[in-house]
Amino acid sequence: MYAIVEIAGQQFKVSKDLKVYVHRLAVEEGAKVSFDKVLLLDDNGNVTLGAPAVEGASVEAKVLQHLKGDKVIVFKKKRRKGYKKKNGHRQSLTQIVIEGIVAGGAPKKKATKKAEATEE
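Residues numbered from 1 in each chain as written. Predicted model: local features only at pLDDT ≥ 70, side-chain atom pairs only at ≥ 80, totals over all residues. Heavy atoms only, no water.

A. Structural view of the sheet that holds strand 7 (residues 58-78). Taken together, the four strands give an open sheet; going across it, the order is 3-8-7-4, and neighbouring strands pair in antiparallel fashion. Here the strands that pair on one side only, and so sit at the sheet edges, are strand 3 (19-23) and strand 4 (32-35). The sheet shows a mean angle of 50° between the axes of neighbouring strands, direction not considered. By the bridge criterion, five bridges tie strand 3 to strand 8 (residues 83-102) in an arrangement that is antiparallel. (Pairing = 2+ DSSP bridges. Helix = DSSP H or I, 4+ residues; strand = E, 2+ residues; numbered from the N terminus. Axes fitted to C-alpha atoms, helices over the stretch in contact; angles between N-to-C directions.)

Here is the structure:
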């Protein structure tokens, strides 16, 4: 089972127990996070496409650590002009591990059973 989910403005193909580096999330290390914007859900060949997102589906994850990515060198030069500029940048990242994918047809909680009893 895998899902395509949007996390911090980027789309990722995720499955259970997968470690993913995403843009920095404003969550503490060790906290659990849920992403509701699931764009596609595949359950052993049974594909569910969202328009734009799959209703009721979510991806559960746990934040492992906050870190900085590798340094990216930005070098600009104009030949024969003596112009050279060197800059660097390190992206702030968060490492998460996917703990589970909840499909839209997941069993509902007990609170909904009480609501059904009052309707009858």
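Next, the rest of the story.
B. A look at a positive patch on the surface. On the surface, Arg24, Lys68, Lys71, Lys86 and Arg90 cluster together into a positively charged patch. Elements with a minimum of two residues in the positive patch: strand 7 and strand 8. Using a relative accessible area of 56% as the deciding quantity, one classes Lys71 as exposed. (Patch = residues over 30% accessible without salt bridge, like charges linked within 9 Å, V, L, I, M, F, W, Y side chains within 5 Å. Areas by Shrake-Rupley, 256 points an atom, 1.4 Å probe, with all protein chains shown as cover. Salt bridge = Lys/Arg side-chain N within 4 Å of Asp/Glu carboxyl O. Lys, Arg positive; Asp, Glu negative; His and termini not counted. Charge placed at Lys NZ, Arg CZ, Asp CG, Glu CD. Buried < 20%, exposed > 50% of the residue type's maximum accessible area, 1.4 Å probe, protein only.)

C. How the structure looks around the sheet that holds strand 6 (residues 46-49). The antiparallel open sheet is built from four strands, whose spatial order is 2-1-5-6. Two strands lie at the open edges of the sheet, namely strand 2 (10-15) and strand 6, each paired on one side alone. With direction set aside, neighbouring strand axes in the sheet form an average angle of 20°.

D. Representation of the pairing of strand 2 within the structure. In terms of strand pairing, strand 1 (residues 2-7) meets strand 2 through six bridges, oriented antiparallel. Counted as the bridge partner of Tyr2 is Ser15 from strand 2. Linking strand 1 back to strand 2 in an antiparallel pair, the connection comprises two residues, with Ala8 at a positive phi of about 55°.

E. View of the side chain of Ser58. Within the secondary structure, Ser58 sits in strand 7. One polar contact links Ser58 to Glu60, side chain to side chain, over a distance of 3.1 Å. Each residue touching Ser58, except ones within four places of it in the same chain, is listed here: Ser34, Phe35, Asp36, Val38, Gly100, Ile101 and Val102. (Polar contact = N/O pair within 3.5 Å; in protein donor to acceptor, adjacent residues only side chain to side chain. Contact = heavy atoms within 4.5 Å.)

F. Highlighting the confidence of the model for the protein chain. Of all residues in the protein chain, 87% attain a pLDDT of 70 or more, and the chain-wide mean is 89. Of the regions scoring below 50 in pLDDT, residues 106-112 engages in zero contacts with residues more than four places distant in sequence or in other chains. (pLDDT = per-residue confidence, 0-100.)

G. Representation of the nonpolar core. Val14, Phe35, Val59 and Ile96 are the most contacted members of the largest nonpolar core, which has 20 residues in total. Among the secondary structure elements, those contributing two or more residues to this core are strand 1, strand 2, strand 3, strand 4, strand 5 (38-43), strand 7 and strand 8. What Val59 contacts, discounting residues up to four positions off in sequence, is Ala3, Val5, Val14, Val33, Ser34, Phe35, Val38, Ile98, Gly100 and Ile101. (Core = buried A, V, L, I, M, F, W, Y, C linked by side-chain atoms within 4.5 Å.)

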